Amino acid sequence: MRLLTHNMLSSNIKGVTNGFPLRIEVEKVVEKEVDFNVDFLRNMFAKIEWKALAEASRTMGYSELPDDAESSMLDSDEFLRKFHHALLELHLEEGALVCPETGRKFPVNKGIPNMLLHEDEV
């Protein structure tokens, strides 16, 4: 699971008001090379919750992203490459996503998060 996906997911358990960002528990991270696309990164920047991305990347062992980011940083090739790596090339292969409010763990197996809810959570 890429951090792009993580940044779009939240816990939808009944009664949860604070289901984002999901905390990551890492068992295995893999890096997969992806073609560098500046236009994609510039378009995605406004859609990304930056603090969640920066924290998630640190949890997965990548500490190169700044704590805060602004659109003027998109002019820097160095910044774009770090953003690209964190967003698209880091993959949570095995682990869990944890609801920040309830502590419910959603497993991630073979890079696929299982966000299915139990009957009593719907």
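Residues numbered from 1 in each chain as written. Predicted model: local features only at pLDDT ≥ 70, side-chain atom pairs only at ≥ 80, totals over all residues. Heavy atoms only, no water.

Note the following rule: UniProt positions are given in the numbering used here, feature names are shortened, and annotations may be inferred rather than shown by experiment.
Naming follows an unreviewed UniProt entry, where the protein chain appears as Multifunctional methyltransferase subunit TRM112A of Sesamum alatum. According to its UniProt record, the protein chain has this under Sequence similarities (unreviewed entry): "Belongs to the TRM112 family." Under the heading Subunit (unreviewed entry), UniProt records this for the protein chain: "Interacts with TRM9."

### Here we look at the overall build of the protein chain
Our working definition: Strands are runs of DSSP state E lasting at least 2 residues, helices are runs of H or I lasting at least 4, and numbering of each runs from the N terminus. With a 1.4 Å probe rolled over the protein chains alone, any residue whose accessible area is under 20% of its type maximum counts as buried; one over 50% counts as exposed, and the rest are partly exposed.
Along the backbone of the protein chain there are 4 helices and 4 strands. Counting from the amino terminus, helix and strand elements in the protein chain follow one another as α-β-α-α-α-β-β-β. When the backbone C-alpha atoms are referred to their principal axes, the protein chain occupies close to 50 × 30 × 20 Å. The buried share among the 122 residues of the protein chain stands at 40%.

### Some thoughts on the sheet that holds strand β3 (residues 105-109)
Rules: Strands are treated as partners if at least two bridges between them are detected by DSSP. The contact definition used throughout considers only heavy atoms, calling two residues in contact when any of these lie within 4.5 Å. Interaxial angle, 0 to 180 degrees, is taken between N-to-C directions of lines fitted to C-alpha atoms, where a helix line uses only the stretch in contact.
Strand order in the open sheet formed by 4 strands is β1-β2-β3-β4, with antiparallel pairing between adjacent strands. Two strands in the sheet have a free side with no partner beyond their single neighbour: β1 (23-31) and β4 (112-113). Inspection of the sheet shows β3 paired to β4 by 2 bridges, in the antiparallel sense. By the bridge assignment, Val108 is partnered in β4 with Pro113. Of the strands in this sheet, β1 and β2 (90-98) touch helix α4 (residues 77-89), which is tilted by about 60° from β2.

### Brief notes about the packing of helix α3 (residues 50-59) against α4
Just so we agree on the cut-off: Roughly parallel refers to an angle under 35 degrees, roughly antiparallel to one over 145, roughly perpendicular to one between 65 and 115, and oblique to any angle outside these ranges. Following the grouping adopted for this structure description, the nonpolar residues are Ala, Val, Leu, Ile, Met, Phe, Trp, Tyr, Cys and Pro, the charged ones are Asp, Glu, Lys and Arg, and the polar ones are all others, Gly among them.
Where α3 meets α4, the axes come as close as 10 Å, and the angle between the chain directions of the two elements is 70°. Accordingly, the angle class assigned to the pair α3 and α4 is roughly perpendicular. Every residue of α4 that contacts α3 at Trp50, Leu53 and Ser57 is listed here: Phe79, Phe83, Ala86 and Leu87. Of the residues contributing to the contact of α3 with α4, the split by class is 6 nonpolar, 1 polar and no charged.

### Focus: the nonpolar core
Stated precisely, the cut-off is as follows: Here, nonpolar core refers to any group of buried Ala, Val, Leu, Ile, Met, Phe, Trp, Tyr and Cys residues whose side-chain atoms link them within 4.5 Å.
Core analysis: the largest hydrophobic core is formed by 32 residues, its most contacted members being Ile48, Trp50, Leu53, Phe83, Leu87 and Leu97. Listing elements by their share of this core, those giving two or more residues are α1 (3-8), α2 (38-45), α3, α4, β2 and β3. With 6 residues, the single largest contributor to this core is α4. Those residues within four positions of Trp50 in sequence are excluded, and the remaining contacts are Phe45, Leu65, Pro66, Asp67, Asp68, Ala69, Phe79 and Phe83.

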